[in-house]
Amino acid sequence: MNCLLIGLGSHAKKIYLEFLEKEAFINKVIIVDLVTEHDSLESILSKININYDLLLFDNLVRHTKSLPPEYEKLLEEKVRENDIKKVIISTEPRSYKLYIDFCLKHGLDIMCGKPITTPLYAEAGSDGEIKGNQIGGLTHFEILVLGIDDSKYDLVQNEVAMFDRLRDFFLDKHAYSNIRRHKTSVSLVSELQYNIPPHPKNENFRFAVELLIKHNGKYLLCKRSSDAKIAPGIWNIPAGKVKYNEGIEEALIRECEEETNLKVSNVCYLDCNFINKEHKRIVYLYVTEVADISDLRIDAGEFDEWEWIKAEDVDNYESVNLYIKRWLSELG
């Protein structure tokens, strides 16, 4: 089996290269990197026993949002000539999108070196939330993407387990995916990487979730407490921050239970947006429908009031975000 390894940074050298060298079923590795890294790559590769080809691109590719046609053609030829089906992307996160787009276009299975919902410079705060500072503790996360199964994903933090995951990836034992499902997120996070300076001071950066809850044709609106530090007295929907090492939907289900006492499971992704450009906050919007609201208990510490409203009545609540109004109009 042949594969494509895009980016040979420190993580790829430590994990992927060691794995690819050890596994007998790997015949050849096509390594894609920057031309400025040629001498360093040759030095590294001369010390290991691996059959490889180097494909080096100009540094300008770091500053583009899609592969230049000549580079796409070169990659297409390598993929075709070597019958490649598996690709590991281990570049800097802001370059993920252009290679993910290439792989999806050509039906290739993808594994990315960091979750697409992790900012380039991120660490876990003392309260467990992802904050936008210097990177720390996230180098061992993986997203595995296989085939057409859009419903599953897995984040791996243990290096021993990682070798098992890598084997599963190449041998098709499991299917994990959130790339196709979150292509909009890939674009959004890629844009974020272009706009954040190397050492940002965005300590308030957050990924967050919001949930439209529908019951008997009406939607739940909650008015934030007048004592709230952020957006006091604003009408909104159940929402909250994503914690470190927590999936988007996992955070959504947790926040819903904390704020409404409702346990939901079938949630549907709608949209993601920058809601605060100053802090570069990204919010993922979902919708769910519940039949039984007998357990409904609105968190009095978060909200002063709550109401079930028809979608067409949302304009009566001026403080509701415009994109939520738009989605209510579409959902009806």
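Residues numbered from 1 in each chain as written. Predicted model: local features only at pLDDT ≥ 70, side-chain atom pairs only at ≥ 80, totals over all residues. Heavy atoms only, no water.

- Per an unreviewed UniProt entry, the chain goes by the name Nudix hydrolase domain-containing protein and belongs to Pseudolactococcus piscium.

### Notes on the pairing of strand E9 (residues 207–215)
Right, so step 1: Of all the nine residues making up E9, nine are buried; the element is thus mostly covered by neighbouring parts of the structure.
Right, so step 2: Residues Phe207, Val209, Leu211, Ile213 and His215 of E9 are buried on one face, and the alternating residues Ala208, Glu210, Leu212 and Lys214, pointing to the opposite face, are buried as well.
Right, so step 3: Pairing analysis gives three bridges linking E9 to strand E12 (residues 239–241), with the strands arranged antiparallel. When the sheet's bridge partners are listed, Val209 is paired in E12 with Gly240.
Right, so step 4: Across two bridges, the pairing between E9 and strand E10 (residues 218–224) is antiparallel. Residue pairing in the sheet places Lys214 in a bridge with Tyr219 of E10.
Right, so step 5: Between E9 and the antiparallel strand that follows it, E10, lie two residues; Asn216 among them carries a positive phi value of about 50°. (Buried < 20%, exposed > 50% of the residue type's maximum accessible area, 1.4 Å probe, protein only. Helix = DSSP H or I, 4+ residues; strand = E, 2+ residues; numbered from the N terminus. Pairing = 2+ DSSP bridges.)

### Side note on the pattern of salt bridges
Right, so step 1: In the structure shown here, the tally under the stated rule is 10 salt bridges.
Right, so step 2: Between Asp109 and Lys86 there is a salt bridge; the shortest N-O distance is 2.8 Å. Placement of Asp109 in strand E5 (residues 109–112) and of Lys86 in strand E4 (residues 86–89) is noted, with a sequence separation of 23 residues between them.
Right, so step 3: Taking relative accessible area as the criterion, Asp109 reaches 14% and is therefore assigned buried. (Salt bridge = Lys/Arg side-chain N within 4 Å of Asp/Glu carboxyl O.)

### Some remarks on the packing of aromatic side chains
Right, so step 1: By the definition in use, this model includes three aromatic pairs.
Right, so step 2: Arranged with centres 4.2 Å apart and planes meeting at 10°, the rings of Phe57 and Tyr71 form a pair that is stacked. Residue Phe57 is found in strand E3 (residues 52–57), and its partner Tyr71 is found in helix H3 (residues 69–81); the two are separated by 14 residues along the sequence.
Right, so step 3: Aromatic side chains Trp235 and Tyr317 sit 5.1 Å apart centroid to centroid with 75° between the ring planes, which places their arrangement in the edge-to-face category. In this pair, Trp235 sits in strand E11 (residues 235–236) while Tyr317 sits in the loop between strand E15 (303–309) and helix H8 (322–331), placing the two residues 82 residues apart along the sequence. (Phe/Tyr/Trp six-rings, centres within 6.5 Å; stacked < 30°, edge-to-face > 60°.)

### Comments concerning unusual backbone geometry
Right, so step 1: With a phi close to 50°, Asp83 is a non-glycine residue in the positive phi region.
Right, so step 2: Its location among the elements puts Asp83 in the loop between H3 and E4.
Right, so step 3: The class for Asp83 is exposed, based on a relative accessible area of 52%.

### Examining the environment of Gly217
Right, so step 1: Mapping Gly217 onto the fold places it in the loop between E9 and E10.
Right, so step 2: Overall, the relative accessible area of 37% leaves Gly217 in the partly exposed class.
Right, so step 3: Considered as a pair, Gly217 and Ile309 are 92 residues apart in the sequence and their alpha carbons are 8.5 Å apart.

### Some points on the packing of H3 against helix H4 (residues 96–105)
Right, so step 1: It is at 12 Å that the axes of H3 and H4 come closest, and there the two elements cross at 45°. Considering their axes alone, H3 and H4 lie oblique with respect to each other. The handedness of the crossing between H3 and H4 is right-handed. For the pair H3 and H4, contact is made by Glu72, Leu75, Glu76 and Val79 and by Tyr99, Phe102 and Lys105, respectively.
Right, so step 2: Class assignment for the residues of the contact of H3 with H4 results in four nonpolar, no polar and three charged. (Axes fitted to C-alpha atoms, helices over the stretch in contact; angles between N-to-C directions. Parallel < 35°, antiparallel > 145°, perpendicular 65-115°, else oblique. Left-handed = near helix turned anticlockwise from the far one by under 90°. Contact = heavy atoms within 4.5 Å. Nonpolar A, V, L, I, M, F, W, Y, C, P; charged D, E, K, R; others polar.)

### Details of the pairing of E5
Right, so step 1: Every second residue of E5 is oriented toward a common face, with Asp109 and Met111 on one face and Ile110 and Cys112 on the other, all of them buried.
Right, so step 2: Both E4 and E5 contribute to a ladder of four bridges, which runs parallel. Across the sheet, Lys86 pairs through a bridge with Asp109, a residue of E5.

### Quick look at the side chain of His215
Right, so step 1: For His215, the position within the fold is in strand E9.
Right, so step 2: A polar contact is formed between the side chain of His215 and the side chain of Asn216, at a distance of 3.3 Å.
Right, so step 3: Of note is the side chain of His215, whose polar atom sits 3.5 Å from the backbone oxygen of Ala291.
Right, so step 4: Leaving out residues up to four positions away in the same chain, His215 has contacts with Val290, Ala291, Ile293 and Trp308. (Polar contact = N/O pair within 3.5 Å; in protein donor to acceptor, adjacent residues only side chain to side chain.)

### Examining the nonpolar core
Taken as a class, soluble globular proteins show a tendency for nonpolar side chains to be buried jointly.
Right, so step 1: Counting residues in hydrophobic clusters, the biggest one holds 25 residues, and the most contacted among them are Leu4, Phe57, Leu67, Leu75, Ile89 and Tyr99.
Right, so step 2: Among the secondary structure elements, those contributing two or more residues to this core are strand E1 (2–6), strand E2 (28–34), E3, H3, E4, H4 and E5.
Right, so step 3: Other than its neighbours up to four places away in sequence, Leu4 contacts Ile30, Val32, Leu75, Val79, Ile84, Lys86, Val87 and Ile88.
Right, so step 4: Residues Val209, Leu220, Cys272 and Ile282 belong to the second largest nonpolar core, which totals 24 residues. (Core = buried A, V, L, I, M, F, W, Y, C linked by side-chain atoms within 4.5 Å.)

### Observations concerning the confidence of the model for the chain
Right, so step 1: In this model, the chain carries a mean pLDDT of 75, and residues with pLDDT of at least 70 account for 69%.
Right, so step 2: Note that pLDDT drops below 50 for residues 115–160; the model gives that stretch 153 contacts with residues more than four away or on any other chain.
Right, so step 3: Per-residue pLDDT stays below 50 along residues 196–202; that stretch engages in 12 contacts with residues further than four places along the chain or on separate chains. (pLDDT = per-residue confidence, 0-100.)

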